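Below are the chains, spelled out letter by letter.
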Amino acid sequence: MDKKEARKKSKEARKKLSSNDIEEKSLAIANNLLQLDIWDKTYYHLFLPIVEHKEVDTEFILQILAGKDKETVVSKSDFETRRMTHFLLTDATRIKKNEYNIPEPVDGIEVPVSKIDVVFVPLLSFDKQGHRVGYGKGFYDIFLSECKPDVIKIGLSFFEPEEKIKDILETDMRLDFCVTDSNIYKFIS
């Protein structure tokens, strides 16, 4: 399967999810994350979901991070450079949807990429080798390539992996884990 096919298949499957399905699966994904040995870190990068695209609701993960007194980092995207600027999520952070319905911080305390320990990565699809398929703009591949070498990259998916995505590029960043509502996939040795 190539990326285009994987994107199409995932988008069609997402369309069939009810808001109740999304809530239940998102909660199960958050609960599965608790099984990972990642909670001794400090800075956790979390995406805020595009509700219109029926992405994983990360509110449950936000609650876990707050309960564990962790620093949560969210991003603002620059569509001209395909780069993201990262901000500490605090009670004072104002969130506003951009023109693509991506919730983003309006302003705040900027966090350098070098501080980020764990990144929860949005995706449409992934394969059994840890390759992910996003929306195709490369934002996360660029961002992850700028992170420190030992950053932990965790994909979040409503669906199980494809066997193999064929058209992977050298610049595509592989995941260390991908968590679904029923499984945890580990790709690091």
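Everything that follows concerns the structure shown earlier in this document.
Because the structure is predicted, anything quoted here is derived from the model rather than measured. (Residues numbered from 1 in each chain as written. Predicted model: local features only at pLDDT ≥ 70, side-chain atom pairs only at ≥ 80, totals over all residues. Heavy atoms only, no water.)

Novice: What should I look at first to understand the packing of aromatic side chains in this one?
Specialist: One pair of aromatic rings is described through two measures. These are the centre distance and the angle between the planes. One pass over the full model with this rule turns up eight aromatic pairs. Both rings, one in Phe 158 and one in Phe 159, keep their centres 6.3 Å apart while their planes meet at 75°; by these two values the pair is edge-to-face. Given a relative accessible area of 5%, Phe 158 falls into the buried group. A relative accessible area of 21% means that Phe 159 is categorised as partly exposed. Of the aromatic side chains, those joined through ring pairs into one cluster are Trp 39, Tyr 44 and Phe 120. (Phe/Tyr/Trp six-rings, centres within 6.5 Å; stacked < 30°, edge-to-face > 60°. Buried < 20%, exposed > 50% of the residue type's maximum accessible area, 1.4 Å probe, protein only.)

Novice: Honestly, the packing of helix α2 (residues 19-33) against helix α3 (residues 59-67) in this entry has me stumped. Any pointers?
Specialist: Between two packed helices, the angle of one axis relative to the other and the distance separating the axes together describe the packing. Interhelical geometry of α2 versus α3 gives an angle of 35° and a closest axis separation of 8 Å. Counted together, Glu 23, Ser 26, Leu 27, Ala 30 and Leu 33 of α2 and Phe 60, Ile 61 and Ile 64 of α3 form the full contact between these two elements. Counted by class, the contact of α2 with α3 contains six nonpolar, one polar and one charged residues. (Axes fitted to C-alpha atoms, helices over the stretch in contact; angles between N-to-C directions. Helix = DSSP H or I, 4+ residues; strand = E, 2+ residues; numbered from the N terminus. Contact = heavy atoms within 4.5 Å. Nonpolar A, V, L, I, M, F, W, Y, C, P; charged D, E, K, R; others polar.)

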